[in-house]
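The chain contents come next:
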Amino acid sequence: MIIDLRSDTLTKPTAGMREAMFSAPVGDDVFGEDPTVNALEEKLAKLFGMEAGLFCPSGTMTNQIAIRLHTRIQTEVICHKYSHIYLYEGGGIMANSLASVKLLDGDLGKITAEQIGASINPDDVHAPETTMVSLENTMNKGGGSIYTLNEIKPIHALCREKGLKLHLDGARLFNALVETGESPTDWGAHFDTISICLSKGLGCPVGSVLLGSKASIKRARKVRKVFGGGMRQAGFLAAAGIYALDNQVNRLKEDHARARKLGEMLLGSNFVSEVLPVATNIVIARLAGISPEDFMAKLAAQDIKSVKFGPDLVRFVTHYDFGDGALEEFGKRISRL
Ligand SMILES: Cc1ncc(COP(=O)(O)O)c(C=O)c1O
């Protein structure tokens, strides 16, 4: 058995999800006529108490559309230096929106209102105008760390006071919400736009939804078109999203429980000096006396796949296709390294 923990994007649709996809009513979504896409967009918007949603092929696209909405040429985005929008979206802030970025540091990938306040550019000829703050929850490179609503409130208040737009890369927001028990509507009330990924822990093959006001989603639809993200009978994909929201949200907790156990197993290895606090389904191990490449080669020899996540870091992500049997097997193999 290959144990593939490279990402929670690796999951394959379940039988129930495939059935839902197969039988979905569809239409041309560029004409706004796909009933299943419309239903998914409305369902998520309603869940978060936001006005509208836009189904897109990827989380990169929903994030990049949000950046386009909230910036102009010669303006600046504030985010953590580990943000997906900065590290892993191909330089899209610059390439898609001609905007600058100010990177902040902070524990486990998180930033505070105080830091943001000190980083807003002055109204000065030399500086790009700060127009947007982007947060990520859960924070991938922070080891799946969680922002609580209490941490968001002062950031939201600051953004309102300073006239900045606040975006959330919520690729794994449901992972955070099932842990904290916080309500999606409370989260929706604190952001101008939220990106939700369906193709991570929720187990869909494709898709992300951008949530926002009616006016911003109307503009987002145009940006999606120019980014090449207007899809036709996309309801087959949206049906997977509806199915996941109805059936596969609460089980994310199981991924988190397995991730905690996996973290403990890793700590038992002589090659691991530290495991970042495991808050959700992401486990980041710091290595001692071995390079990520060599450690990963040892794992690969045991049919375990992982990814390098820094000069001395390796990442493991638990997901739907990693059950208790696989966890037990992981433990056995790790002890053989
Ligand atoms: C935090 C975060 N945001 C955005 C994305 C982008 O999603 P996609 O791969 O669908 O473009 C990812 C992908 O792994 C992610 O981890």
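Residues numbered from 1 in each chain as written. Predicted model: local features only at pLDDT ≥ 70, side-chain atom pairs only at ≥ 80, totals over all residues.

1. Re the nonpolar core
Val-133, Leu-211, Ala-239, Ala-240 and Val-283 are the most contacted members of the largest nonpolar core, which totals 93 residues. Tallying contributions element by element places helix α11 (residues 235-247) first for this core, with eight residues. Residues from two domains meet in this core; each of domain 1 (11-247) and domain 2 (251-335) gives at least three. If we ignore the near neighbours within four places in the chain, the residues touching Val-283 are Ala-259, Leu-262, Gly-263, Leu-266, Val-275, Val-278 and Phe-316. (Core = buried A, V, L, I, M, F, W, Y, C linked by C-beta atoms within 7 Å. Buried ≥ 20, exposed ≤ 12 C-beta atoms within 10 Å, placed from the backbone. Helix = DSSP H or I, 4+ residues; strand = E, 2+ residues; numbered from the N terminus. Domains from an automatic or database assignment. Contact = placed C-beta atoms within 7 Å.)

2. Here's the deal with the confidence of the model for the chain
Mean pLDDT for the chain: 98, with 100% of residues reaching 70 or above. Averaged pLDDT values for the elements of the chain fall to 96 in strand β12 (residues 307-310) and rise to 99 in strand β8 (residues 208-212). (pLDDT = per-residue confidence, 0-100.)

3. Examining the pairing of strand β3 (residues 75-80)
Successive residues of a regular strand alternate their side chains across the two faces of the sheet. Pairing of β3 with strand β5 (residues 129-136), which is carried by four bridges, proceeds in the parallel orientation. The residue bridging Glu-76 from the neighbouring strand is Thr-130, located in β5. (Pairing = 2+ DSSP bridges.)

4. Focus on the sheet that holds strand β13 (residues 313-317)
Within the open sheet, the four strands sit side by side as β9-β10-β13-β12. Their pairing is antiparallel. One side of each edge strand has no neighbouring strand; the edge strands of this open sheet are β9 (272-275) and β12. Averaged over neighbouring strand pairs, the angle between their axes works out to 35° when direction is ignored. Pairing analysis gives five bridges linking strand β10 (residues 282-287) to β13, with the strands arranged antiparallel. Following the sheet pairing, Val-283 is matched in β13 by Phe-316. On top of the sheet, helix α12 (residues 252-267) reaches β9, β10 and β13; it is set at about 10° to β10, its chief contact. (Axes fitted to C-alpha atoms, helices over the stretch in contact; angles between N-to-C directions.)

5. A closer look at the site of the ligand
Neighbouring residues of the ligand: 13 residues in total, closest Ser-58, Gly-59, Thr-60, His-84 and Ala-171. Examining the composition of the shell around the ligand, we find that three residues originate from one element, helix α3 (residues 59-70), more than from any other. Counted by class, the shell around the ligand contains two nonpolar, nine polar and two charged residues. (Near = placed C-beta within 6 Å. Nonpolar A, V, L, I, M, F, W, Y, C, P; charged D, E, K, R; others polar.)

6. Section: the pairing of strand β2 (residues 52-56)
Among the five residues of β2, four are classified as buried, and the element is accordingly described as predominantly covered. As defined by bridge partners, β2 adjoins β8 across five bridges and the pair is classed as antiparallel. In the sheet register, Cys-56 faces β8, and the bridge partner there is Ser-208.

7. Quick word on the environment of Ile-194
Tracing the backbone shows Ile-194 in strand β7 (residues 193-197). Judged by local crowding, Ile-194 falls into the buried class, with 28 C-beta atoms found within 10 Å. Note: C-alpha distance between Ile-194 and Phe-316 (122 residues apart in sequence) is 25 Å. Not counting the four nearest positions on each side in its chain, Ile-194 is found in contact with Phe-48, Leu-168, Gly-170, Trp-187, Gly-188 and Leu-211.

8. Here's the deal with helix α8 (residues 173-180)
Listed in full, the buried residues belonging to α8 are Leu-173, Phe-174, Asn-175, Ala-176 and Leu-177. Where α8 is buried, its residues contact β6 (165-170), α9 (184-188), β7 and α12. Positive backbone phi, approximately 75°, marks Gly-181, located one or two places after α8.

9. Focus: the sheet that holds β6
A sheet is described by the order of its strands in space; here seven strands give the open sequence β2-β8-β7-β6-β5-β3-β4, paired in mixed fashion. Pairing within the sheet leaves two strands with one partner each, and these edge strands are β2 and β4 (100-104). Neighbour-to-neighbour, the strand axes of this sheet turn through a mean angle of 20°, independent of strand direction. With five bridges connecting them, β3 and β4 associate as parallel partners. Paired with Cys-79 across the two strands is Leu-103, which belongs to β4. Lying on the sheet, helix α2 (residues 35-47) is in contact with β2, β7 and β8; it crosses β2 at an angle near 130°.

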